[in-house]
Amino acid sequence: MPRAIIYIDWPNQGHRGWDLVKLVDTIGAEVTILETVLYEEEPGASLSRITRYQDELPRCGLRRVLLPVLRKPKRELVDVQLSVDMVSDAYENKLDLAILVAGDADYVPAVRKLIALGKQVRGAAFGSPSGELRSLIEVLPLESVLPSIKY
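The following paragraphs examine the structure supplied in this document. (Residues numbered from 1 in each chain as written. Predicted model: local features only at pLDDT ≥ 70, side-chain atom pairs only at ≥ 80, totals over all residues. Heavy atoms only, no water.)

Brief notes about the overall build of the protein
When helices and strands are counted, the protein shows seven helices and six strands. Mapped in sequence order, the helices and strands of the protein form the string β-α-α-β-α-β-α-β-α-β-α-β-α. Here the protein, with 151 residues, has 48% of them falling under the buried criterion. Across the protein, every contact between residues at least 6 apart in sequence was considered, and the portion connecting residues at least 24 apart equals 73%. Roughly 7500 Å² of accessible area belongs to the protein as shown, and the carbon and sulfur atoms make up 51% of that amount. (Helix = DSSP H or I, 4+ residues; strand = E, 2+ residues; numbered from the N terminus. Buried < 20%, exposed > 50% of the residue type's maximum accessible area, 1.4 Å probe, protein only. Contact = heavy atoms within 4.5 Å. Areas by Shrake-Rupley, 256 points an atom, 1.4 Å probe, with all protein chains shown as cover.)

Put into structure tokens, the structure is as follows:
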């Protein structure tokens, strides 16, 4: 089974009423999940949705990356750090498969680099993912599995 790391853009994907552990179980089926990395901005106002299942979180190998809130644009730091970590993990051969829980085009350069390095990349996202991202990787529409991953 491929070794996988799940990267979650929490500001863009994490406020939709889904259970983090159920999401990991669903998108991580048939792979070996090494770690789930959740990127969010401090102060973590949405943390209650994560800590609600605190006892179960070690099972999905959760690591939180807290980034300072920038005035404008707020979410770019999350996108940059997530992209840097994905590419670094690929260069260090920590993974065979990156699972990106995000849908915006900001991740296209990082996804291209992972593919060039011979890594597999899959996506999962709510809403309409960028066409450019969908042209590179398969993106699971999370609305299609929402009933099975809701709280």
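Alright, that's what it looks like, and here's the rest.
Details of the pattern of salt bridges
According to the stated counting rule, one finds four salt bridges in the structure shown. With its nearest N and O atoms 3.1 Å apart, the salt bridge here joins Arg 3 to Asp 96. Taken together, the residues Arg 3 in strand E1 (residues 3–9) and Asp 96 in the loop between helix H4 (76–91) and strand E4 (97–101) connect sequence positions 93 residues apart. Taking relative accessible area as the criterion, Asp 96 reaches 26% and is therefore assigned partly exposed. Glu 92 is the partner of Lys 94 in a salt bridge, and the nearest nitrogen-oxygen pair spans 3.1 Å. (Salt bridge = Lys/Arg side-chain N within 4 Å of Asp/Glu carboxyl O.)

Some words on the pairing of strand E5 (residues 120–125)
Relative to E5, E4 runs parallel, the two sharing five bridges. The partner of Leu 97 across the bridge, within E5, is Gln 120. Assessed by its sense of winding, the connection that carries the chain from E4 through helix H5 (residues 108–116) to E5 is right-handed. Pairing analysis gives three bridges linking E5 to strand E6 (residues 139–141), with the strands arranged parallel. When the sheet's bridge partners are listed, Ala 124 is paired in E6 with Leu 140. At this point the chain moves from E5, through helix H6 (residues 131–136), to the parallel E6, and the crossover so formed is right-handed. (Pairing = 2+ DSSP bridges. Right-handed = clockwise from strand over helix to strand, strands pointing away.)

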